[in-house]
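The lines below spell out each chain.
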Amino acid sequence: MTRLSGYLLPTEKQPPADAEAISHKLMVRAGLIRQMGAGMWSWLPAGWRVHERAVAIIREEMDAIGGQEMLMPVLQPADPWRATGRLDIEALFKLTDRKGSELVLAMTHEEAVTFHVAQIVRSYRDLPLILYHFQVKERDEPRPRAGVLRTREFIMKDSYTFDRDQAGLEERYELHVGAYDRIMQRTGLHFYRVQSDVGMMGGLGAHEYMAPAAAGEDQIAIAPGFAANLEVALRDPHVRSEDGRYLRAGEELEVQAAIEVGNIFMLGTRYSEPLGARFLDEHGSEQPIWMGSYGIGPARIVAAAVEQFADEHGISWPRALAPFAVHLVAIGAEDSDERRAADELYASLCAGGVEVLYDDRDSAPGEKFADADLLGCPLRLTIGPRALRSGQVEVQLRRGRTEAPGLPLSGEREVLVRAVRELWLSLP
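In this text the structure is predicted, and so the values were computed from the model without any measurement.

Chemist: Outline the side chain of Arg361, listing residues and values.
Modeler: Mapped onto the elements of the fold, Arg361 is located in the loop between β21 (356–359) and α10 (365–375). Arg361 gets classed as buried once you look at its relative accessible area, which sits at 18%.

Next up, the structure:
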């Protein structure tokens, strides 16, 4: 039961003075996030609902490919990071405890999960494995910016695969390709899966999931049958620069700014060798475990959705990520017939399992409509004097701000709830 009169949704008329990205401006103005320090953000109730929508989609797709969810610590001993050669990464937070022991705040969890698997896996019969978790990551970003797009602390889903050989790794990698494709499709984002560099992760190969957006810090090169991070594309022997354009085999590449939402890596034995993650094969011989690493950021999914679908009035959520299905607006004094009708509709929708944010505040209609546009729930239902005269709830679809046929105020509750659900399911 969510009434706006008692809900923490601190909307703002003006964006933060330093905000440049659309998602930064609108997520603050809509009351979804608040900043505590450079690169440190709190998710307020409505924002956290959106974040957890993304998390739920990711979790379902990871479970569908056989992933097993666990949880590993953010605070870790430095020794495994020293063993893999990653302790000197500049963006890694390092500290010591009161006894002088060296520790790190993990920016990703290859060392931790490999440490455990090295102790647990003994035989080829223990493989393959897909392990994943949702956990806070810490990264000493030199230039935090763009709201939740580039932060020092964030939540990431990272999964790790463990196989007997390269063929098994490639199979698990393809499972993740399918899962990540479905995640992106279900969230409603426009995206590309592009070839990328292995970077600090190391390994045999990698792809990135990119959401085109003006706020993106990466650039991707696109042509029919080809998609790559621009840096990777420029290393392609078939790509050349001509008159400020990039051509590949005579085909012009379209270069777009994009947000990196996820990445997948074939690590091979990059971490299992230094951390001693080995197994006995069917012949009794000791072999290194072959690994893959797969990350995706719920916060970046959320911000990318804002970037891609917002209009001049505010956010316009894809149905799968919206904080609420319905934003119900009551126009009328507290004891008015309009308010009583809105109360009844709210109770009916809630009883029918529809997630509703009910604006029951004693505020001007213009303020209520502006906040509804800003928050961007897919459906807005309004009950005011006009609705009572016509006997129909006014309906507006947020995407495009288009009016839809009204819904009858009177009649059976089940019929009304069904009509709202059908309308909801018809939305993008």
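That was the structure; now back to the text.
Chemist: Outline a negative patch on the surface, listing residues and values.
Modeler: Taken together, the side chains of Asp165, Glu170, Glu174 and Glu282 make up a negatively charged region of the molecular surface. Note on placement: Glu174 falls in helix α5 (residues 166–187).

Chemist: I'd like a rundown of helix α12 (residues 413–425), residues and numbers included.
Modeler: An ideal rise of 1.5 Å per residue puts 18 Å on 13 residues; α12 measures up with 18 Å between its terminal C-alpha atoms. The complete set of buried residues in α12 reads Leu416, Val417, Val420, Leu423 and Trp424. For α12, the arc enclosing every buried residue in end-on projection is 125 degrees, short of the 170-degree limit, so these residues lie on one face. Relative to its buried face, α12 has exposed residues pointing more than 90 degrees away, namely Glu422 and Leu425. Buried residues belonging to α12 abut β20 (326–330), α9 (337–351), β22 (379–383), β23 (392–397) and β24 (402–408).

Chemist: Quick rundown of the nonpolar core? Include the residues and the values.
Modeler: The biggest cluster of nonpolar side chains holds 60 residues, and the ones touching the most others in it are Met27, Leu32, Tyr180, Val261, Ile301 and Trp317. Ranked by residues supplied to this core, first place goes to helix α8 (residues 298–309) with eight residues. What Tyr180 contacts, discounting residues up to four positions off in sequence, is Met62, Lys157, Tyr209, Asn263, Ile264, Tyr294, Gly295 and Ile296. Counting residues in hydrophobic clusters, the runner-up holds 27 residues, among them Ala342, Val356, Val417 and Leu423.

Chemist: Account for the layout of surface pockets, with residues named and values stated.
Modeler: Its boundaries defined by the atoms lining it, the second largest pocket holds a volume of some 310 Å³. For the lining of the second largest pocket, the leading source of residues is helix α2 (residues 45–64), giving four residues. When the residues that make up the lining of the second largest pocket are grouped by side-chain class, the tally is nine nonpolar, one polar and five charged.

Chemist: Tell me about the pattern of salt bridges, residues and numbers included.
Modeler: If you walk through the whole model with that rule in mind, you get 38 salt bridges. Between Glu60 and Arg186 there is a salt bridge, with the nearest N and O atoms lying 2.6 Å from each other. One end of the pair, Glu60, is in helix α2; the other, Arg186, is in helix α5, with 126 residues separating them in the sequence. Taking the relative accessible area as the measure of exposure, Glu60 reaches 44% and is therefore partly exposed.

Rules of the game
Residues numbered from 1 in each chain as written. Predicted model: local features only at pLDDT ≥ 70, side-chain atom pairs only at ≥ 80, totals over all residues. Heavy atoms only, no water. Helix = DSSP H or I, 4+ residues; strand = E, 2+ residues; numbered from the N terminus. Buried < 20%, exposed > 50% of the residue type's maximum accessible area, 1.4 Å probe, protein only. Patch = residues over 30% accessible without salt bridge, like charges linked within 9 Å, V, L, I, M, F, W, Y side chains within 5 Å. Areas by Shrake-Rupley, 256 points an atom, 1.4 Å probe, with all protein chains shown as cover. Salt bridge = Lys/Arg side-chain N within 4 Å of Asp/Glu carboxyl O. Lys, Arg positive; Asp, Glu negative; His and termini not counted. Charge placed at Lys NZ, Arg CZ, Asp CG, Glu CD. Expected span 1.5 Å × (residues − 1). Arc of directions from axis to C-beta. Contact = heavy atoms within 4.5 Å. Core = buried A, V, L, I, M, F, W, Y, C linked by side-chain atoms within 4.5 Å. 1 Å grid on protein atoms, 1.4 Å probe; cavity = no way out; pocket = protein on both sides within 12 Å on 5 of 7 lines; lining within 4 Å. Points joined across faces, edges and corners; volume = space filled by probe spheres on them. Nonpolar A, V, L, I, M, F, W, Y, C, P; charged D, E, K, R; others polar.

Geometric values such as these leave the question of function open.
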